[in-house]
Amino acid sequence: MKTPLFQGASLEHSWQLIDCSEQALGRVANRIAILLRGKHKPTFTPHADTGDFVVAVNAAKLRLTGQKLTQKMYYHHSGYFGGLRKRTAKEVMAKTPEEVLRHAVKGMLPRSTLGRQLLGKLKIYATAEHPHAAQLGTPAAA
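Let me sum up the structure you'll find in this document. (Residues numbered from 1 in each chain as written. Predicted model: local features only at pLDDT ≥ 70, side-chain atom pairs only at ≥ 80, totals over all residues. Heavy atoms only, no water.)

1. Considering helix α4 (residues 97-106)
Phase 1: When we look at burial in α4, the residues that qualify are Pro97, Val100, Leu101, Ala104 and Val105. Buried residues in α4, looked at end-on, bunch into an arc of 125 degrees, giving them a common side.
Phase 2: For α4, the elements touching its buried residues are α1 (25-37), β2 (53-57), β3 (73-77), α3 (89-95), α5 (113-119) and β5 (122-124). (Buried < 20%, exposed > 50% of the residue type's maximum accessible area, 1.4 Å probe, protein only. Helix = DSSP H or I, 4+ residues; strand = E, 2+ residues; numbered from the N terminus. Arc of directions from axis to C-beta. Contact = heavy atoms within 4.5 Å.)

2. A few points about the environment of Gly120
Phase 1: Mapped onto the secondary structure, Gly120 falls in the loop between α5 and β5.
Phase 2: In this structure Gly120 comes out as partly exposed when scored by relative accessible area, which is 43%.
Phase 3: The spatial distance from the C-alpha of Gly120 to the C-alpha of Gly66 is 30 Å, given a sequence separation of 54 residues.

3. Remarks on the side chain of His132
Phase 1: Note that His132 resides in the segment after β5.
Phase 2: Residue His132 is classed as buried on the basis of its relative accessible area, which comes to 12%.
Phase 3: Not counting residues up to four positions away in its chain, the partners in contact with His132 are Trp15, Val55, Lys123 and Tyr125.

Next comes the structure, spelled out in structure tokens:
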């Protein structure tokens, strides 16, 4: 008995819509990571892209539990001496709420070329409007 390998044209990538309004950041990010990897499908292969495209809307309405708005820090280094920049989650949510969700999902994906490819299939929007209405089938239960 051989194990089937699913790759190339035999794969079918559908589009999933996730509404992030009033949901906890970690739970939404976990659900998105599962959909991107394809772990919800019986054709899941760890080394191949078997997942779906994911459109996440209402990222500005994400909920961070506890004191995370004031205590969670996002770090970025420019590469120069003294170039460490840090911002709180509240500052990031006010400016670009999409980046909070993208950062959380990125941490749940593999650290390889596959992970970077999967992250490219994630489309995040701060409001309910998005240009992918033609591709979407049925909304995913988040």
